[in-house]
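Summary of the model geometry
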Amino acid sequence: MTVSAPQPTTLQEELAQLKKDKNAVILAHYYQEPEIQEVADFIGDSLELAKKAAETSAEIIVFAGVHFMAETAKILNPSKRVFLPDLNAGCSLADSCPPEAFRKLKEQYPDHVVVTYINCSAEIKTHSDVVCTSSNAEKVINSIPPEKQIIFAPDKNLGKYLMQKTGREMLLWDGACIVHEAFSLDKMLELYKQHPSAKIIAHPESETHILKIANYIGSTSGMLNYVKGSEHDTFIVATEAGILHQMQNDVPQKTLIPAPAKEDNTCACSECAFMKMNTLKKLYDCLAKETPEIKLSEDLMKKALVPIKRMLQLS
Ligand code: 13P
Ligand code: SF4
(Lines give C-alpha, C1' and ligand atoms only; values in the text may rest on other atoms or scores of the structure.)
(Ligands and ions follow the chains in the order given, each with its own letter.)
Protein backbone atom coordinates (compact mmCIF):
# COMPACT_ATOMS: atom_id res chain seq x y z
CA MET A 1 0.00 0.00 0.00
CA THR A 2 1.42 3.39 -0.94
CA VAL A 3 0.22 6.88 -0.05
CA SER A 4 0.66 10.17 -1.83
CA ALA A 5 0.26 13.53 -0.11
CA PRO A 6 -3.43 14.51 -0.42
CA GLN A 7 -4.28 17.97 -1.72
CA PRO A 8 -6.94 19.83 0.29
CA THR A 9 -10.24 20.00 -1.56
CA THR A 10 -12.37 23.15 -1.67
CA LEU A 11 -14.78 21.60 0.80
CA GLN A 12 -11.92 20.83 3.19
CA GLU A 13 -10.70 24.44 2.93
CA GLU A 14 -14.20 25.81 3.50
CA LEU A 15 -14.59 23.55 6.50
CA ALA A 16 -11.30 24.80 7.95
CA GLN A 17 -12.56 28.39 7.65
CA LEU A 18 -15.96 27.54 9.11
CA LYS A 19 -14.28 25.87 12.06
CA LYS A 20 -12.30 29.04 12.81
CA ASP A 21 -15.35 31.30 12.41
CA LYS A 22 -17.43 29.21 14.80
CA ASN A 23 -14.70 28.30 17.30
CA ALA A 24 -15.36 24.63 16.63
CA VAL A 25 -13.16 21.58 17.00
CA ILE A 26 -13.40 18.40 14.92
CA LEU A 27 -12.57 15.19 16.77
CA ALA A 28 -12.26 12.11 14.56
CA HIS A 29 -11.81 8.40 15.16
CA TYR A 30 -9.22 6.44 13.16
CA TYR A 31 -12.01 4.55 11.37
CA GLN A 32 -13.26 7.68 9.60
CA GLU A 33 -12.74 8.26 5.88
CA PRO A 34 -9.24 9.65 5.09
CA GLU A 35 -10.66 12.99 3.87
CA ILE A 36 -12.35 13.42 7.25
CA GLN A 37 -9.21 12.48 9.18
CA GLU A 38 -7.33 15.12 7.16
CA VAL A 39 -9.57 17.97 8.39
CA ALA A 40 -9.76 16.81 11.99
CA ASP A 41 -8.08 18.79 14.77
CA PHE A 42 -7.45 15.58 16.59
CA ILE A 43 -7.59 11.89 15.61
CA GLY A 44 -7.47 9.21 18.27
CA ASP A 45 -8.80 6.08 19.92
CA SER A 46 -11.88 6.19 22.14
CA LEU A 47 -9.97 7.10 25.31
CA GLU A 48 -7.89 9.84 23.69
CA LEU A 49 -11.00 11.31 22.06
CA ALA A 50 -12.86 11.35 25.39
CA LYS A 51 -9.87 13.08 27.00
CA LYS A 52 -9.69 15.67 24.21
CA ALA A 53 -13.42 16.28 24.51
CA ALA A 54 -12.96 16.87 28.25
CA GLU A 55 -10.13 19.35 27.67
CA THR A 56 -11.27 21.40 24.70
CA SER A 57 -11.93 25.12 25.01
CA ALA A 58 -13.82 25.23 21.70
CA GLU A 59 -17.49 26.21 21.89
CA ILE A 60 -18.62 23.55 19.45
CA ILE A 61 -17.51 19.93 19.13
CA VAL A 62 -18.14 18.14 15.85
CA PHE A 63 -17.64 14.45 16.42
CA ALA A 64 -16.59 12.45 13.38
CA GLY A 65 -17.24 9.04 14.85
CA VAL A 66 -20.25 7.13 16.09
CA HIS A 67 -23.15 8.06 18.35
CA PHE A 68 -21.82 6.78 21.70
CA MET A 69 -18.60 8.77 21.17
CA ALA A 70 -20.46 12.01 20.50
CA GLU A 71 -22.70 11.29 23.50
CA THR A 72 -19.64 10.85 25.71
CA ALA A 73 -18.29 14.20 24.48
CA LYS A 74 -21.63 15.84 25.33
CA ILE A 75 -21.74 14.24 28.80
CA LEU A 76 -18.26 15.63 29.45
CA ASN A 77 -19.33 19.07 28.16
CA PRO A 78 -22.99 19.60 29.07
CA SER A 79 -22.83 23.32 28.31
CA LYS A 80 -21.24 22.89 24.86
CA ARG A 81 -22.97 22.03 21.63
CA VAL A 82 -21.96 18.66 20.18
CA PHE A 83 -22.78 17.62 16.63
CA LEU A 84 -22.60 14.27 14.86
CA PRO A 85 -22.72 14.39 11.03
CA ASP A 86 -25.16 11.44 10.87
CA LEU A 87 -27.28 10.50 13.89
CA ASN A 88 -27.71 6.99 12.45
CA ALA A 89 -24.00 6.30 12.93
CA GLY A 90 -24.58 3.77 15.70
CA CYS A 91 -22.61 0.73 16.84
CA SER A 92 -23.52 -2.97 16.93
CA LEU A 93 -22.08 -3.25 20.43
CA ALA A 94 -24.16 -0.37 21.78
CA ASP A 95 -27.26 -1.78 20.01
CA SER A 96 -26.71 -5.21 21.56
CA CYS A 97 -27.32 -3.87 25.05
CA PRO A 98 -30.86 -2.49 25.50
CA PRO A 99 -31.27 -0.66 28.84
CA GLU A 100 -34.34 -2.56 30.01
CA ALA A 101 -32.74 -6.00 29.58
CA PHE A 102 -29.51 -4.75 31.16
CA ARG A 103 -31.36 -3.33 34.15
CA LYS A 104 -32.98 -6.75 34.70
CA LEU A 105 -29.60 -8.51 34.66
CA LYS A 106 -28.24 -6.00 37.14
CA GLU A 107 -31.18 -6.63 39.46
CA GLN A 108 -30.29 -10.34 39.55
CA TYR A 109 -26.73 -9.55 40.65
CA PRO A 110 -27.05 -6.51 42.93
CA ASP A 111 -23.64 -7.03 44.55
CA HIS A 112 -21.66 -7.14 41.30
CA VAL A 113 -19.55 -4.19 40.20
CA VAL A 114 -20.68 -3.11 36.72
CA VAL A 115 -17.94 -2.30 34.20
CA THR A 116 -19.11 -1.13 30.82
CA TYR A 117 -17.06 -0.74 27.68
CA ILE A 118 -17.45 2.83 26.40
CA ASN A 119 -19.21 1.40 23.29
CA CYS A 120 -22.65 1.58 24.92
CA SER A 121 -25.45 4.10 25.18
CA ALA A 122 -25.53 6.92 27.75
CA GLU A 123 -28.41 5.13 29.46
CA ILE A 124 -26.33 1.97 29.92
CA LYS A 125 -23.55 4.16 31.35
CA THR A 126 -25.98 5.35 34.03
CA HIS A 127 -26.16 1.69 35.17
CA SER A 128 -22.35 1.38 35.34
CA ASP A 129 -19.94 1.78 38.21
CA VAL A 130 -17.05 2.45 35.88
CA VAL A 131 -16.55 2.78 32.12
CA CYS A 132 -13.49 1.50 30.23
CA THR A 133 -12.06 1.58 26.72
CA SER A 134 -9.89 -1.01 25.00
CA SER A 135 -6.75 0.89 26.05
CA ASN A 136 -7.46 1.03 29.79
CA ALA A 137 -9.79 -1.96 30.35
CA GLU A 138 -7.15 -4.10 32.06
CA LYS A 139 -6.26 -1.28 34.44
CA VAL A 140 -9.93 -0.66 35.22
CA ILE A 141 -10.60 -4.36 35.97
CA ASN A 142 -7.45 -4.55 38.12
CA SER A 143 -8.65 -1.53 40.13
CA ILE A 144 -11.68 -3.48 41.38
CA PRO A 145 -11.11 -5.19 44.75
CA PRO A 146 -10.46 -8.93 44.18
CA GLU A 147 -13.32 -10.03 46.42
CA LYS A 148 -15.84 -8.19 44.24
CA GLN A 149 -17.68 -9.92 41.40
CA ILE A 150 -17.97 -8.15 38.07
CA ILE A 151 -20.54 -7.76 35.30
CA PHE A 152 -18.80 -6.75 32.06
CA ALA A 153 -20.84 -5.40 29.14
CA PRO A 154 -21.47 -5.24 26.27
CA ASP A 155 -18.50 -6.85 24.42
CA LYS A 156 -18.11 -10.56 25.17
CA ASN A 157 -14.91 -10.84 23.10
CA LEU A 158 -13.16 -8.04 24.97
CA GLY A 159 -14.60 -9.53 28.17
CA LYS A 160 -13.12 -12.99 27.45
CA TYR A 161 -9.77 -11.41 26.63
CA LEU A 162 -9.82 -9.47 29.92
CA MET A 163 -10.71 -12.58 31.93
CA GLN A 164 -7.67 -14.29 30.47
CA LYS A 165 -5.40 -11.26 31.03
CA THR A 166 -6.51 -10.45 34.57
CA GLY A 167 -7.47 -13.92 35.82
CA ARG A 168 -10.83 -12.48 36.99
CA GLU A 169 -14.10 -14.34 36.39
CA MET A 170 -16.71 -11.97 35.00
CA LEU A 171 -20.34 -12.22 34.03
CA LEU A 172 -20.32 -11.25 30.35
CA TRP A 173 -23.05 -9.58 28.34
CA ASP A 174 -23.55 -11.33 25.00
CA GLY A 175 -22.62 -8.47 22.65
CA ALA A 176 -20.11 -8.25 19.81
CA CYS A 177 -18.79 -5.92 17.14
CA ILE A 178 -19.96 -6.98 13.68
CA VAL A 179 -16.72 -5.77 12.11
CA HIS A 180 -14.31 -7.54 14.46
CA GLU A 181 -16.33 -10.76 14.34
CA ALA A 182 -16.05 -10.83 10.54
CA PHE A 183 -12.38 -11.82 10.34
CA SER A 184 -11.68 -15.24 8.85
CA LEU A 185 -9.09 -17.33 10.69
CA ASP A 186 -8.57 -19.65 7.69
CA LYS A 187 -7.98 -16.77 5.31
CA MET A 188 -5.69 -15.11 7.81
CA LEU A 189 -3.56 -18.24 8.21
CA GLU A 190 -3.41 -18.55 4.43
CA LEU A 191 -2.26 -14.92 4.21
CA TYR A 192 0.33 -15.54 6.91
CA LYS A 193 1.76 -18.43 4.85
CA GLN A 194 2.30 -15.97 2.01
CA HIS A 195 3.94 -13.44 4.39
CA PRO A 196 5.72 -15.53 7.03
CA SER A 197 7.70 -12.56 8.36
CA ALA A 198 4.50 -10.58 9.06
CA LYS A 199 3.39 -9.68 12.57
CA ILE A 200 -0.32 -10.10 13.25
CA ILE A 201 -1.88 -7.25 15.23
CA ALA A 202 -5.47 -7.34 16.45
CA HIS A 203 -8.03 -5.26 18.29
CA PRO A 204 -9.39 -6.99 21.44
CA GLU A 205 -12.94 -6.81 20.06
CA SER A 206 -11.83 -9.67 17.77
CA GLU A 207 -12.78 -13.28 18.54
CA THR A 208 -10.59 -15.46 20.76
CA HIS A 209 -9.26 -17.61 17.87
CA ILE A 210 -7.99 -14.46 16.12
CA LEU A 211 -6.46 -13.06 19.32
CA LYS A 212 -4.69 -16.38 19.93
CA ILE A 213 -2.60 -15.97 16.77
CA ALA A 214 -1.93 -12.25 17.27
CA ASN A 215 1.57 -10.99 18.13
CA TYR A 216 0.09 -7.78 19.51
CA ILE A 217 -3.37 -6.97 20.90
CA GLY A 218 -4.40 -3.41 21.65
CA SER A 219 -6.59 -0.40 20.97
CA THR A 220 -6.37 1.45 17.67
CA SER A 221 -3.74 3.81 19.10
CA GLY A 222 -1.92 0.88 20.68
CA MET A 223 -1.74 -0.83 17.27
CA LEU A 224 -0.40 2.34 15.65
CA ASN A 225 2.30 2.70 18.30
CA TYR A 226 3.25 -0.95 18.00
CA VAL A 227 3.72 -0.71 14.23
CA LYS A 228 5.69 2.55 14.59
CA GLY A 229 7.99 1.11 17.25
CA SER A 230 8.46 -2.34 15.72
CA GLU A 231 11.60 -3.35 13.87
CA HIS A 232 9.45 -5.55 11.59
CA ASP A 233 8.19 -4.29 8.27
CA THR A 234 5.08 -6.31 7.41
CA PHE A 235 1.86 -6.39 9.45
CA ILE A 236 -1.49 -8.12 9.09
CA VAL A 237 -3.94 -5.69 10.66
CA ALA A 238 -7.10 -7.10 12.28
CA THR A 239 -9.27 -4.07 12.90
CA GLU A 240 -11.46 -1.72 10.90
CA ALA A 241 -9.70 -0.77 7.68
CA GLY A 242 -9.93 2.99 8.25
CA ILE A 243 -6.90 2.78 10.54
CA LEU A 244 -4.69 1.92 7.56
CA HIS A 245 -4.76 5.56 6.45
CA GLN A 246 -3.05 6.93 9.58
CA MET A 247 -0.88 3.82 9.94
CA GLN A 248 0.50 4.10 6.43
CA ASN A 249 1.12 7.82 6.96
CA ASP A 250 3.11 6.93 10.08
CA VAL A 251 5.13 4.12 8.46
CA PRO A 252 5.17 4.79 4.70
CA GLN A 253 7.98 2.29 4.13
CA LYS A 254 6.21 -0.64 5.83
CA THR A 255 3.74 -3.12 4.31
CA LEU A 256 0.29 -3.19 5.88
CA ILE A 257 -2.14 -5.94 4.97
CA PRO A 258 -5.78 -5.68 6.07
CA ALA A 259 -6.98 -8.90 7.75
CA PRO A 260 -9.42 -10.69 5.43
CA ALA A 261 -13.09 -10.94 6.30
CA LYS A 262 -15.17 -14.15 6.13
CA GLU A 263 -17.30 -12.74 3.35
CA ASP A 264 -15.66 -12.01 0.04
CA ASN A 265 -15.56 -8.28 -0.36
CA THR A 266 -13.86 -6.37 -3.10
CA CYS A 267 -11.28 -4.64 -0.91
CA ALA A 268 -10.67 -7.81 1.17
CA CYS A 269 -11.02 -5.73 4.30
CA SER A 270 -13.58 -4.95 6.97
CA GLU A 271 -15.30 -1.63 7.20
CA CYS A 272 -17.69 -0.35 9.84
CA ALA A 273 -20.83 0.74 8.00
CA PHE A 274 -21.75 2.96 10.95
CA MET A 275 -18.44 4.84 10.96
CA LYS A 276 -18.65 5.22 7.20
CA MET A 277 -22.08 6.93 7.39
CA ASN A 278 -20.19 10.16 8.04
CA THR A 279 -18.95 11.85 4.87
CA LEU A 280 -16.98 15.06 4.34
CA LYS A 281 -20.09 16.70 2.88
CA LYS A 282 -22.22 15.68 5.89
CA LEU A 283 -19.46 16.93 8.20
CA TYR A 284 -19.44 20.30 6.45
CA ASP A 285 -23.26 20.59 6.40
CA CYS A 286 -23.48 19.62 10.03
CA LEU A 287 -21.22 22.46 11.14
CA ALA A 288 -22.69 24.94 8.65
CA LYS A 289 -26.33 24.23 9.63
CA GLU A 290 -25.56 23.26 13.24
CA THR A 291 -27.52 20.04 13.01
CA PRO A 292 -27.83 17.13 13.87
CA GLU A 293 -27.08 17.90 17.48
CA ILE A 294 -26.63 15.51 20.42
CA LYS A 295 -29.30 16.34 23.00
CA LEU A 296 -29.48 14.57 26.35
CA SER A 297 -31.42 15.34 29.51
CA GLU A 298 -29.55 16.98 32.40
CA ASP A 299 -30.37 14.04 34.63
CA LEU A 300 -29.04 11.45 32.17
CA MET A 301 -25.81 13.42 31.68
CA LYS A 302 -25.27 13.81 35.41
CA LYS A 303 -25.67 10.08 36.06
CA ALA A 304 -23.64 8.94 33.03
CA LEU A 305 -20.80 11.31 33.94
CA VAL A 306 -20.02 9.46 37.19
CA PRO A 307 -18.60 6.21 35.65
CA ILE A 308 -16.89 8.13 32.83
CA LYS A 309 -15.12 10.40 35.35
CA ARG A 310 -14.05 7.34 37.34
CA MET A 311 -12.46 5.95 34.19
CA LEU A 312 -10.66 9.21 33.42
CA GLN A 313 -9.32 9.39 36.97
CA LEU A 314 -7.95 5.86 36.59
CA SER A 315 -6.35 6.61 33.21
P1 13P B 1 -10.58 2.11 20.11
O2 13P B 1 -10.28 3.17 19.10
O3 13P B 1 -10.79 2.70 21.46
O4 13P B 1 -9.54 1.04 20.09
O5 13P B 1 -11.99 1.45 19.74
C6 13P B 1 -12.27 0.82 18.57
C7 13P B 1 -13.70 0.81 18.21
O8 13P B 1 -14.26 -0.16 17.81
C9 13P B 1 -14.43 2.03 18.28
O10 13P B 1 -15.70 1.77 18.00
FE1 SF4 C 1 -19.11 -0.37 16.90
FE2 SF4 C 1 -17.60 -2.22 15.78
FE3 SF4 C 1 -18.21 -0.06 14.40
FE4 SF4 C 1 -16.51 0.11 16.50
S5 SF4 C 1 -16.18 -0.96 14.58
S6 SF4 C 1 -18.23 1.49 16.01
S7 SF4 C 1 -17.40 -1.43 17.84
S8 SF4 C 1 -19.67 -1.61 15.12
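Note on numbering: residues in each chain are counted from 1, in written sequence order. Lettering of chains starts at A and numbering of ligands starts at 1, both following the order in which they are written. Where totals are concerned, whole chains, interfaces and linings use all residues; where local detail is concerned, this predicted model gives features only for residues with pLDDT of at least 70, and gives and counts side-chain atom pairs only at 80 or more. Only hydrogens and water are removed before side-chain values are computed, so all heavy atoms of the structure are retained for them.

The name recorded for the chain in an unreviewed UniProt entry is Quinolinate synthase, from Salinimicrobium profundisediminis. UniProt positions are given in the numbering used here, feature names are shortened, and annotations may be inferred rather than shown by experiment. UniProt, in its Pathway (unreviewed entry) section for the chain, records the words "Cofactor biosynthesis; NAD(+) biosynthesis; quinolinate from iminoaspartate: step 1/1." Database annotation for the chain, UniProt heading Catalytic activity (unreviewed entry): "iminosuccinate + dihydroxyacetone phosphate = quinolinate + phosphate + 2 H2O + H(+)".

Our focus in this paragraph is the site of ligand 2. Distances are taken per atom, and a residue is near a molecule or strand as soon as one of its heavy atoms is within 4 Å of it. Around ligand 2 sit Tyr31, Val66, Cys91, Ser92, Leu93, Asn119, Cys177, Val179, Glu205, Cys272 and Phe274, and those are all the residues in its vicinity. Definitions used for this entry: grid spacing 1 Å over protein atoms alone; cavity, a set of points where a 1.4 Å probe fits but cannot get out; pocket, an open set with protein on both sides within 12 Å along at least 5 of 7 lines; lining residue, one with an atom within 4 Å of a point. A cavity or pocket is said to hold a molecule if more than half of that molecule's atoms lie within 2 Å of its grid points. Spatially, ligand 2 is embedded in the largest cavity. A breakdown of the residues in the shell around ligand 2 according to their chemical character gives eight nonpolar, two polar and one charged. Residues were grouped as follows: Ala, Val, Leu, Ile, Met, Phe, Trp, Tyr, Cys and Pro as nonpolar; Asp, Glu, Lys and Arg as charged; and all remaining residues, including Gly, as polar.

Time to look at empty space enclosed by the protein. Grid points are joined across faces, edges and corners, and a volume is the space filled by probe spheres set on the points. Taken as a whole, this structure holds three cavities of 30 Å³ or more when the rule is applied. When its volume is computed, the largest cavity comes out at roughly 230 Å³. Tyr31, Asn119, His180, Glu205 and Met275 are, among the 25 residues lining the largest cavity, the residues nearest its centre. Residue classes in the lining of the largest cavity are distributed as 13 nonpolar, ten polar and two charged. If you add up the space inside the second largest cavity, you get close to 60 Å³. Partitioning the lining of the second largest cavity into residue classes produces nine nonpolar, two polar and no charged.

So, about the side chain of Thr133. Labels follow the DSSP assignment, with helices taken as runs of H or I lasting at least four residues and strands as runs of E lasting at least two, numbered in each case from the N terminus. Position of Thr133 among the secondary structure elements: in the loop between β6 (130-132) and α8 (137-142). In this analysis, two residues are considered to be in contact whenever any of their non-hydrogen atoms come within 4.5 Å of each other. Discounting residues that sit within four places of it in the chain, Thr133 has contacts with Ser46, Leu47, Tyr117, Ile118 and Met311.

The topology assignment puts Asn157 in helix α9 (residues 156-166). Judged by its relative accessible area of 3%, Asn157 is buried. In this view, Asn157 contacts Gly175, Ala176, Glu181, Pro204, Glu205, Ser206 and Glu207; residues no more than four positions away in its chain are not counted. Using a 1.4 Å probe on the protein chains alone, a residue whose accessible area is under 20% of its type maximum counts as buried, one over 50% counts as exposed, and one in between counts as partly exposed.

This part takes up the environment of Gln149. Its place among the elements puts Gln149 in the loop between α8 and β7 (150-153). A C-alpha to C-alpha distance of 27 Å links Gln149 and Ala50, two positions 99 residues apart in sequence. Apart from the residues within four sequence positions on either side, Gln149 is in contact with Asp111, His112 and Val113.

On to the packing of aromatic side chains, then. Two rings belonging to Phe, Tyr or Trp (six-membered ring only in the last case) form a pair when the distance between their centres is within 6.5 Å. Interplanar angles under 30 degrees mark stacking, angles over 60 mark edge-to-face geometry, and anything in between is tilted. In the structure shown here, the tally under the stated rule is three aromatic pairs. Note on Tyr216 and Tyr226: the rings are 4.6 Å apart at their centroids and 10 degrees apart in plane angle, and the pair reads as stacked. Separated by ten residues along the polypeptide, Tyr216 in strand β10 (residues 216-217) and Tyr226 in helix α12 (residues 220-229) bring together distant segments of the chain. Overall, Tyr226 belongs to the partly exposed group, its relative accessible area being 22%. Residues Tyr226 and Phe235 carry aromatic rings whose centres are separated by 6.3 Å and whose planes lie at 85 degrees to one another, so their mutual orientation is edge-to-face. For Phe235, a relative accessible area of 0% translates into the label buried.

What follows is about the pattern of salt bridges. Close approach of charged atoms allows side chains with opposite charge to pair. We define a salt bridge as a contact between a side-chain nitrogen of Lys or Arg and a carboxyl oxygen of Asp or Glu at a distance within 4 Å. Across all of its chains, the model carries 16 salt bridges by this definition. Three or more residues are tied together by salt bridges with common partners; here these are Lys22, Arg81, Glu290, Glu293 and Lys295.

This part is about the UniProt feature "binding site: [4Fe-4S] cluster" (unreviewed entry) in the chain. Within this numbering scheme, the UniProt entry marks Cys91, Cys177 and Cys272 as carrying the feature "binding site: [4Fe-4S] cluster" (unreviewed entry). With the annotated positions falling across 182 residues, the maximum pairwise C-alpha distance of 9.2 Å places them together in a single cluster. The annotated residues contributing to the lining of the largest cavity are Cys91, Cys177 and Cys272. Along the polypeptide, Cys91 turns up in the loop between β4 (81-83) and α5 (92-95). On the accessibility criterion, Cys91 (11% relative accessible area) is buried. The residues touching Cys91, leaving out its near neighbours within four places in the chain, are Phe68, Asn119 and Phe274. Mapping Cys177 onto the fold places it in the loop between β8 (170-172) and α10 (185-194). Filtering out sequence-adjacent residues up to four positions away, Cys177 remains in contact with Ser92, Leu93 and Glu205.

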